[in-house]
Amino acid sequence: MKQSTKKILCLAAVLAFLGLGLCAAALALSGFDIARLSVPSTSDRTEHVRSYDPDGVDRIVTDMSWDSVTLLPSPDGQIHLRCFEGGGFTYSATVDGAELHITQKNTETKRLPDWFRINFDWDIGRNLSLSLPKSFDGDLLLELDAGSIVIADGLELTGALDAKLDLGSFSAKSLAARSVTVQCGAGNVTGQNWQIAQYAFLTANLGDVTLSQVSAQDVTLAANAGSVAFHELTAAHIEASSDLGSIEGSILGTESDYSIDSLTNLGTCNLTDRQGETGKTLHLSCGAGSIYVQFLSPPLAA
């Protein structure tokens, strides 16, 4: 081996060793503890449970920065809020008139080493659960900067559900509501077995929109950088669009029921534009994907 090659290899080894040392020093200054990889710590978290009478609340508003929200049926018909405070975050829940307003605040001023600290108990300290009466007579406005929304089976809302997420996904099963509006910045929108009295408006900028067994008067589905899929959809007016993905679905009804207007720039479409017979409308638009929609005629009455 040439002398110059040996010198280069030795220099590379020294630089690699120094790099490892700097990484170790940075982790030590940030408070990194390898033990937290296997056993998350909750010593800095304090659990809080607060209850409210639903008769005095007809609107619930959440404004979260770094959190996930879970909605589930209440076991006793009351409204229950469960959260963990600590780690630089606190919650404020106030009733103003008939509105329950829930906010999250960051009470900790970060120093430079804090930005390199690795937190392995994120899920333990960053989850808020809200238990509602199974038939809640009120509106929900949920706003999250970074976090997901999960709605458990069996909630019936006579009001409207409006969810806005910058970074996170939305998921709901067996949901009943007057209307549903979901806007996701970077995340997926998933729904199954919904009964919506008026309209469902669902959008995802960087994710997919997927519905199954949903009934509504009007349905609008849009995915900018993802795909749209719907199965056994029942609606009088359907609009679906995707800029970079595909559209695939099935509709309970017959093709002759709908006035169809479809557009694909780079893909294919299995439907032909036509005028319907009942006033129902179907608008489909794809930028760089294909469209495939089939109609499933409902079973004949006995």
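The rules behind these values
- Residues numbered from 1 in each chain as written.
- Predicted model: local features only at pLDDT ≥ 70, side-chain atom pairs only at ≥ 80, totals over all residues.
- Heavy atoms only, no water.
- Helix = DSSP H or I, 4+ residues; strand = E, 2+ residues; numbered from the N terminus.
- Buried < 20%, exposed > 50% of the residue type's maximum accessible area, 1.4 Å probe, protein only.
- Contact = heavy atoms within 4.5 Å.
- Areas by Shrake-Rupley, 256 points an atom, 1.4 Å probe, with all protein chains shown as cover.
- Phe/Tyr/Trp six-rings, centres within 6.5 Å; stacked < 30°, edge-to-face > 60°.
- Core = buried A, V, L, I, M, F, W, Y, C linked by side-chain atoms within 4.5 Å.
- Salt bridge = Lys/Arg side-chain N within 4 Å of Asp/Glu carboxyl O.
- Pairing = 2+ DSSP bridges.

Next up on the list: the overall build of the protein chain. Per the secondary structure count, the protein chain includes two helices and 24 strands. By the burial criterion, 38% of the 302 residues in the protein chain qualify as buried. Counting only contacts in the protein chain whose residues sit at least 6 apart along the sequence, the fraction spanning at least 24 positions is 40%. Counting only carbon and sulfur atoms, one obtains 55% of the accessible surface of the protein chain, whose full area is about 15,600 Å².

Turning our eyes to something else, we now look at the environment of Ala-177. Assignment of secondary structure puts Ala-177 in strand β13 (residues 170-177). The spatial distance from the C-alpha of Ala-177 to the C-alpha of Leu-157 is 4.4 Å, given a sequence separation of 20 residues. When near neighbours in sequence (up to four residues on either side) are disregarded, Ala-177 contacts Leu-157, Gly-159, Gln-195, Ile-196 and Ala-197.

Moving on, we get to the packing of aromatic side chains. Taken as a whole and judged by the stated rule, the model has two aromatic pairs. Aromatic pair Tyr-258 and Phe-295: ring centres 5.8 Å apart, planes at 40°, arrangement tilted. Taken together, the residues Tyr-258 in strand β22 (residues 258-264) and Phe-295 in strand β24 (residues 291-296) connect sequence positions 37 residues apart.

This next bit is on the nonpolar core. Ile-60, Phe-170, Trp-194 and Phe-230 are the most contacted members of the largest nonpolar core, which totals 63 residues. Top contributing element to this core by residue count: β13, with four residues. Excluding residues that lie within four positions of it along the chain, Phe-230 makes contacts with Leu-211, Leu-221, Ala-240, Ile-247, Glu-248, Gly-249, Ser-250, Ile-251 and Val-293.

As a further point, take the pattern of salt bridges. A complete count under the given rule lists three salt bridges for this structure. For Glu-99, the salt bridge identified is with Arg-59, shortest N-O distance 3.1 Å. Separated by 40 residues along the polypeptide, Glu-99 in strand β6 (residues 99-106) and Arg-59 in strand β2 (residues 59-66) bring together distant segments of the chain. We note a salt bridge from Asp-139 to Arg-178, for which the minimum N-O separation is 3.7 Å. Within this pair, whereas Asp-139 is found in strand β9 (residues 139-146), its partner Arg-178 is found in the loop between β13 and β14 (179-186), the two being separated by 39 residues in sequence.

Relative to strand β17 (residues 209-215), strand β15 (residues 189-196) is paired through six bridges, and the arrangement is parallel. Bridge pairing in β17 links Gln-195 to Ser-215. Sheet topology note: the β17/strand β19 (residues 228-233) ladder contains four bridges and is parallel. Note that in β19 the partner of Ser-212 across the bridge is His-231.

Note that Leu-157 resides in strand β11 (residues 156-157). Look at Leu-157 and you get buried, because its relative accessible area is 5%.

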